[in-house]
Amino acid sequence: MKNLYNKNSFCVIISHTPYCKSYNGDLVGLGSTVEEIDRLSTIFNKIYHFAPIHGGEPPLSYMKHENAEIEIIPMISVGGKNFGDKFKHILFFFKHLKKIKPYLNKTDLIHFRVPTGFGLLFLPWLYLFWKKNIWVKYAGSWNSNSVPLTYKIQRWMLLRFPSNFKITINSPSEKLGDNFFTFCNPCFDKKIIAKNYDIVQKKNFKKELNLVFVGRVEEKKGISSLLEIMEDIVHLNIIKKLQIVGDSNRLDYYINKAKKISDKICLTGPLSRKDVFNIYSHSHIIILLSHSEGLPKVLMEAAVFGCVPIVSNFSGISKIIKDNHNGFILESYNGQYDYNEFKTIIHNPLALKKCSLNAYKTSHDFTYEKYLKNV
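Here the structure is a predicted model, which is why all the values come from computation and not from measurement. (Residues numbered from 1 in each chain as written. Predicted model: local features only at pLDDT ≥ 70, side-chain atom pairs only at ≥ 80, totals over all residues. Heavy atoms only, no water.)

Looking at this structure, how should I read the environment of Pro-349?
Its location among the elements puts Pro-349 in helix α12 (residues 349–363). Pro-349 sits in the partly exposed class, given a relative accessible area of 26%. As a C-alpha pair, Pro-349 and Asn-24 span 325 residues in sequence and 48 Å in three-dimensional space. If we ignore the near neighbours within four places in the chain, the residues touching Pro-349 are Phe-205 and Lys-206. (Helix = DSSP H or I, 4+ residues; strand = E, 2+ residues; numbered from the N terminus. Buried < 20%, exposed > 50% of the residue type's maximum accessible area, 1.4 Å probe, protein only. Contact = heavy atoms within 4.5 Å.)

It is not clear to me how the pattern of salt bridges should be interpreted in this structure. Could you clarify?
Scanning the model with the defined rule gives 13 salt bridges in all. Residue Glu-71 is joined to Lys-46 by a salt bridge in which the shortest nitrogen-to-oxygen separation is 3.6 Å. With a gap of 25 residues between them, Glu-71 in strand β6 (residues 70–76) and Lys-46 in strand β4 (residues 46–53) connect regions that are remote in the sequence. Residue classification places Lys-46 among the buried residues on the basis of a relative accessible area of 17%. One network of salt bridges, with partners in common, ties together Glu-36, Arg-113, Lys-137 and Lys-297. (Salt bridge = Lys/Arg side-chain N within 4 Å of Asp/Glu carboxyl O.)

Got a minute to help me understand the side chain of Ser-262 in this structure?
Considering the arrangement of structural elements, one finds Ser-262 in the loop between α8 (251–261) and β13 (265–269). Within the structure, the side chain of Ser-262 is placed 2.9 Å from the backbone nitrogen of Lys-264, a separation counted as a polar contact. (Polar contact = N/O pair within 3.5 Å; in protein donor to acceptor, adjacent residues only side chain to side chain.)

I'm lost on the nonpolar core in this one. Help?
The tendency in soluble globular proteins is for nonpolar side chains to be buried as a group. Ranked by internal contacts, the top residues of the largest apolar core, which has 69 residues, are Ile-244 and Tyr-280. In terms of residues, this core owes the most to one element, helix α7 (residues 223–233), which gives six residues. Once you skip the residues sitting within four places of it in the chain, Ile-244 turns out to touch Phe-213, Val-217, Ile-223, Leu-226, Leu-227, Ile-265, Cys-266, Leu-267, Thr-268 and Gly-269. (Core = buried A, V, L, I, M, F, W, Y, C linked by side-chain atoms within 4.5 Å.)

What follows is the structure, given as C-alpha cells:
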C-alpha cells in the first residue's frame with residue numbers, strides 16, 4: 001500500500017458517515033469523521049467520499065470539509081432498526097454500485113469504513129471482483145459479542161479476505177492475520193498537547209468536580225446507568241455539575257428524567273467540536289458506561305484536557321485504560337454498578353490527579369500526525 005499513498009493518487013472512501021445540507025447549501029458531516037478525512041486528504045491528490053445524505057437540519061456537531069479536493073458522492077440514506085428499513089440495503093444495492101463503479105474503475109485504492117449495513121453486500125462483491133488494494137477500517141469493537149449479528153458477519157468475512165485487503169482495528173487484539181493492523185483512533189492535532197499543558201497541570205481535584213458525558217444519549221451508551229449512579233450520589237457536595245452532551249431520539253425524555261434527579265445535571269444536546277473542547281477544559285471526569293464500544297474518540301479527546309476516564313469494562317478498553325493509573329474501570333453486576341466504588345473514586349483527589357496526568361500522557365498516542373505516519 002505504501003507506494004499508493006502519494007500526492008499523485010486518489011482514493012475512494014465508502015462509509016455510512018451521515019451528511020446534511022447546511023442552511024447555505026454546503027454539505028456538512030459528522031465532525032470527528034470530517035476532520036479525519038481532511039487529514040487523510042493531505043496524502044492524496046483527490047478523495048471521493050461515497051456517503052449517505054440525510055434530510056433535515058444538521059446538528060451542531062457537523063462541519064464542512066476544509067479541503068476542496070474532497071468530493072461527496074451521495075448515497076441514498078437507507079437502513080434503520082426495523083426489517084423494512086434494513087431490507088432497503090438490498091433494494092438499493094445495485095443502484096449504489098452502479099453509481100460508484102465509475103470511480104472504482106479509476107482508482108487503485110478503496111478505503112471502506114465498516115461495520116455498516118452496506119458492507120453486508122459490498123464486502124462479498126469486493127471479495128469476488130476487486131483485485132486491487134483496499135484498506136478496511138473496522139471501527140467497532142472487534143472482540144465484543146454484545147454487537148448486532150450484522151457486525152459479527154462482517155468480522156467473519158474480513159477474517160477470510162486475501163492479503164490485498166489491509167484491515168485496521170482501533171483496539172489491541174490477538175494476532176488475527178498478517179493483513180490486520182492495530183491503529184489508534186486519531187483524535188486531534190499534535191499542537192493541542194502543548195497548548196493544554198497548563199490546563200492539565202492546574203486542574204484541581206480537591207474542590208468541586210465537573211463531570212461530563214459525550215456521545216449518543218441512548219441506552220447502549222449506558223445513559224440510564226449513568227443517571228442511576230447520579231441519582232444516588234448527586235447530593236454529594238464534591239459534585240458540582242454533570243453535563244451530558246450529544247444527540248438523541250429521546251432527548252426530551254432524558255431531559256425530564258434528569259430534572260427529576262437534580263438541577264446539577266444538564267443535557268445540552270449536540271454541540272460543536274469547539275464547544276465540547278471548552279467543556280473538557282473545565283471538566284475533571286469523563287464518564288462512559290457503554291455496553292459495547294470500539295475505542296471511543298471522546299475518551300482521548302477529553303484526556304488531552306486532563307479529564308479522568310471512568311468507563312465500563314467493554315471489550316478492549318483495558319488495553320488503553322489501566323485501572324487506577326490513567327482512569328478507572330467500573331465493573332457491573334447484573335447490569336448494576338457499585339455506587340460506593342464510584343464514591344470512593346471521586347473522594348480520592350490524589351488518585352484522580354495522578355490519573356489525570358497519566359491520561360494526558362496516554363492521549364499523546366492519538367494524534368493525527370501519528371495516525372498518518374502509520375498509514
